[in-house]
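Survey of secondary and tertiary structure
The lines below spell out each chain.
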Amino acid sequence: MLTIENLHASVDGNAILKGLNLRLEAGQVHAIMGPNGAGKSTLSYVLSGREGYEVTDGTILLDTPDGAVDLLDMEIEERAAAGVFLAFQYPVAIPGVSNLHFLRTALNSIRKARGEDELSGAQFMKLARAKARTVELPKELLKRAVNDGFSGGEKKRNEIFQMAVLEPRLAILDETDSGLDIDALRIVSEGVNALRGPERSMLVITHYQRLLDHIVPDVVHVLVDGRIVKTGDKTLALELEAKGYDEIRQAAAI
Amino acid sequence: MALLDTSRTAPGKGVAPLRSAAKAALEASGLPGRKTEAWRFTSVRDLTTADATPAQGGLVVDAAPGVDVHRLQGELPADVAGWLAAVEPTLPNAHFVALNGVLADELVVLHAQGHVVAPVTVTHHGAGEGSVSTPRLLVVLEPNAELTLVERFGGSSKGLTNAVTQVRLGANAGLRHIRVHDVAQASLIGALGVAQERDSRYRSLVVSLGGRLARLDLRVRLEGAGSRCDLDGLYHVDGQDHVDHHLRVEHHAPHATSTQTYRGVLDGRGVAVFDGQAQVTRTGPGAEAHQQNRNLLLSEGARAHTKPHLEIDHDEVVASHGATVGSLDEDALFYLRARGVPREDARTILVHAFLRELLESAPTPLRDELAAALRERLPRGEVTAAMELALDVDEAKGDGIEGDA
Ligand SMILES: Nc1ncnc2c1ncn2[C@@H]1O[C@H](COP(=O)(O)OP(=O)(O)OP(=O)(O)O)[C@@H](O)[C@H]1O
Ligand SMILES: [Mg+2]
């Protein structure tokens, strides 16, 4: 589904990603763990095409029904239309724009870009109501301005709600679990698990092994200083939590 | 004949008491020039030097039951003369108000009592090329009266409209006042003076949709205790548009409140001037005054001049003021695009939302009309139409959709 080779990226001239390789098969969930400042969010921004993140080397290929596409050649919204979705570490508030109107516009923009019919208001509302239930997002939040005055947990649930409506091929979840209490974590995880499927792949960025009890990954990567330094199965997360990153840093001689 | 000279040969009998007072004032003040402080950022040189011919009349009134409309010339009846005298000190922009006083060929009076349910609309379509029109409106609300007034200024050709509106609110009266400046290639210089008695409420929304020149001088005198004014405004400039809003609120009584909330979006080589003043002196206790002006600058060539200022002589006043000139929120833009909304659409959605918030309190269907007028001025503006659709989350209401296209 996603093939990243030798990815180098910098911000303001500072190299952040320094030769990152990663291969994510269709239907798989990979977790990425790593210390603060390792470049996890940077990777998510480079994948989604954020301005200010300069790719100096490497390739990123995404499989689509029309064959593999080079994400680095595409605009932010073109990537979204190709099926890339980023659940933000810090979702942005947009005063004056209602959550529902925003999401309908997003969905219809994507459908239009794919040559599909746009959804009418009624069709969209049916879909939105059903999806909102899966993450127990209160109706009032649907009507409010996007993330405006939402609590931390509400913002994260709203991200997963949007993901459920947009049905991406590649979902990148950047610390979707951070700051959630155990109930909210369960709700969000169930929402994510419901979206797992053979045609959808996920990159789950987290600091906490706890999340991976709920969203069980196929593969766990450790990202340190802009590179994947270790890859393993879900037991690697337990090991990291017990021993911290120092041992891995030393083993990788960083 | 240059603009000032028109006053020397003013045709017809005009409005006698206005004309005699204004003639002397105009001789003394002349028209503003390069050095006139209040006109620092807005040049009227083109207007004052070009040939001008006075045009007649021009106010179209669409009245409602509960409002008496008078169109007066020559000498005025005693009650009207009394009302005029009472609002006279509130008028801003002496130069153009004087010119209007000399040239105005009629005084249109709206006199409201009780609760007037339907809105009253007063329209001015603008003067023809090379002419100057000088509409003059007096709005009087008796104590406890309630009225919604919509003033529309249009412009189909390149003339100058020099408009003066005076408002007097009796005790506990409430006026919702919406002014639409949509003058295209024409020029509008408007003065608006409001005098408020005890416990009266004045709520104004000024919408300036670009234009070669759209200037408003608005002055409110809070004369009675417990009176309140809320002055909202929004503007959009593009191309060579130039808008200018000068506000001045004077607190003269205790427990009075004033707010000024203006927002604008500037594109192309557009210019917007905001000068907001609130003066709170010797009022006694309970005064509150707030001012805010926010500008969104979308292009390098656009210019915003903003100056909110408070003049306060004692500590008990609750007051705030602020001005910002910023660009679009890049984080919000990225968020929208990352969800699939194309760049241009995302920009327009953010711009529209920024202005739209101030329209929220306007009565329908005017609100929808203004939202549509804004939409038409924005690139890919049609995307915001989807933002107006009523999406109802309540399943009890059938499919929950009203008015889907
Ligand atoms: N806009 C920026 N300008 C300068 N440096 C930046 C910018 N964004 C990120 N960085 C730097 O890049 C490095 C990686 O940051 P990134 O946010 O990708 O880390 P992270 O792994 O997501 O960390 P965390 O776990 O704290 O979220 C950090 O050293 C950070 O300071
Ligand atoms: Mg991060």
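As shown above, the structure is provided for reference.
This text gives an overview of the structure that appears in the document. All values derive from a computational prediction rather than experimental measurement. (Residues numbered from 1 in each chain as written. Chains lettered and ligands numbered in written order. Predicted model: local features only at pLDDT ≥ 70, side-chain atom pairs only at ≥ 80, totals over all residues. Heavy atoms only, no water.)

1. Some thoughts on the overall build of chain B
What counts, and what does not: In this description a helix means any DSSP run of H or I spanning at least four residues, a strand means any run of E spanning at least two, and both kinds are numbered starting from the N terminus. Note on method: radius of gyration uses C-alpha positions; expected globular size equals 2.2 Å times residues raised to 0.38. Between buried and exposed lies partly exposed: a residue is buried under 20% and exposed over 50% of the maximum accessible area for its type, with that area taken using a 1.4 Å probe on protein chains only. In this count, Lys and Arg are taken as positive residues and Asp and Glu as negative ones, while His and the chain termini are left out. Every charge is mapped to an atom, namely NZ of Lys, CZ of Arg, CG of Asp or CD of Glu.
When its secondary structure is counted, chain B shows 7 helices and 22 strands. A compact globule built from 405 residues would reach a C-alpha radius of gyration of about 22 Å, and chain B, at 22 Å, matches this within 12%. C-alpha atoms of chain B, sized along the principal axes, occupy 65 × 45 × 45 Å. Taking all 405 residues of chain B together, 58% fall into the buried category. Positive and negative charge centroids in chain B, built from 40 and 53 side chains respectively, lie 6 Å apart.

2. Some words on the sheet that holds strand S6 (residues 84-87) of chain A
Residue and element names in this part refer to chain A. The cut-off we apply is this: Paired strands, in this sense, are two strands between which DSSP finds at least two bridges. The convention used is that axes are lines fitted to C-alpha atoms, helices contributing only their stretch in contact, and that angles between N-to-C directions extend from 0 to 180 degrees.
If you walk across this open sheet you meet the 6 strands as S6-S9-S10-S3-S11-S12, and the pairing is mixed. Looking at which strands have only one partner, the edges of the open sheet turn out to be S6 and strand S12 (227-232). Strand-to-strand twist in this sheet, taken as the mean axis angle between neighbours without regard to direction, amounts to 20°. In the sheet, S6 pairs with strand S9 (residues 170-174) via 4 bridges, with the strands oriented parallel. Along S9, the bridge assignment pairs Ala87 with Leu173.

3. As for the packing of helix H6 (residues 343-359) of chain B against helix H7 (residues 366-377) of chain B
All names here are of chain B. Keep this limit in mind: Reported orientations rely on four angle classes, namely roughly parallel under 35 degrees, roughly antiparallel over 145, roughly perpendicular from 65 to 115, and oblique for the rest. A clockwise turn of the near helix away from the far one marks a right-handed crossing, whereas an anticlockwise turn of less than a right angle marks a left-handed crossing. Between two residues, a contact is recorded if the distance between any of their heavy atoms is within 4.5 Å. Side-chain classes follow a simple rule in which Ala, Val, Leu, Ile, Met, Phe, Trp, Tyr, Cys and Pro form the nonpolar group, Asp, Glu, Lys and Arg form the charged group, and the remainder, Gly included, forms the polar group.
Relative to each other, H6 and H7 sit at 160°, their axes nearing to 10 Å. Comparing the axis directions of H6 and H7 gives the class roughly antiparallel. Handedness of the H6/H7 crossing: right-handed. Where H6 approaches H7, its residues His352, Leu355, Arg356 and Leu359 are matched on the opposing element by Arg367, Leu370, Ala371, Leu374 and Arg375. When grouped by side-chain class, the residues that make up the contact of H6 with H7 number 5 nonpolar, 1 polar and 3 charged.

4. Looking at the site of ligand 1
All names here are of chain A. Basically, it comes down to this: Neighbouring residues are identified by heavy atoms, a residue being near a molecule or strand if any of them is within 4 Å of it. Between N or O atoms, a polar contact is any pair within 3.5 Å; within protein, one atom must be a potential hydrogen donor and the other a potential acceptor, and residues adjacent in sequence are included only when both atoms are from side chains. Here, Shrake-Rupley sampling with a 1.4 Å probe gives the accessible areas, and only protein chains in the shown set may cover a residue.
Close contacts around ligand 1 come from 15 residues, with Asn36, Lys40, Ser41, Thr42 and His207 the closest. One of the backbone nitrogen or oxygen atoms of Gly37 is found 2.9 Å away from an oxygen atom of ligand 1. Between Ser41 and ligand 1, the recorded distance is 2.8 Å, taken from a backbone N or O atom to an oxygen atom. Protein contacts shield 63% of the accessible area of ligand 1, which totals 630 Å² for the unbound molecule.

5. Looking at the side chain of Asp267 of chain B
Residues and elements named next belong to chain B. Rules: Between Lys or Arg on one side and Asp or Glu on the other, a salt bridge is scored when a side-chain nitrogen of the former is within 4 Å of a carboxyl oxygen of the latter.
For Asp267, the location among the structural elements is in the loop between strand S16 (257-266) and strand S17 (271-280). Of the buried charged residues, Asp267 lacks a salt bridge, with Arg347 as the closest side chain of opposite charge at 5.6 Å. Excluding its chain neighbours within four sequence positions, the residues that come into contact with Asp267 are Val237, Asp238, Gly239, Leu298, Ser299 and Ala302.

6. Structural notes on the coordination of the magnesium ion (ligand 2)
Put simply, a metal with four donors set out as a tetrahedron has ideal angles of 109.5 degrees, and one with six donors set out as an octahedron has ideal angles of 90 or 180 degrees. Residue and element names in this part refer to chain A. Filter applied, for reference: Metal donors: N, O and S atoms at distances within 2.8 Å, or within 3.2 Å for Na, K and Ca, with water omitted from the atom set so that some sites may seem incomplete.
Coordination of the magnesium ion (ligand 2) by the protein involves Ser41 (OG) and Gln89 (OE1), with metal-donor separations of 2.0 to 2.3 Å. Of this pair, Ser41 sits in helix H1 (residues 40-48) while Gln89 sits in the loop between S6 and strand S7 (94-98), placing them 48 residues apart in sequence. The burial state of Ser41 is the same as that of Gln89; both residues are buried.

7. Examining the sheet that holds strand S14 (residues 228-237) of chain B
Residues and elements named next belong to chain B. Across the sheet, which stays open at both edges, the 9 strands sit in the order S2-S5-S8-S10-S12-S14-S16-S18-S20 with mixed pairing between neighbours. Edge positions in the sheet fall to strand S2 (59-62) and strand S20 (318-326), since each of these pairs with one other strand and no more. Taken pair by pair, the neighbouring strands of this sheet meet at an average axis angle of 10°, ignoring direction. Where strand S8 (residues 146-154) meets strand S10 (residues 174-182), 9 bridges bridge the pair, whose relative direction is parallel. By the bridge assignment for S10, Leu147 is matched with Leu175.

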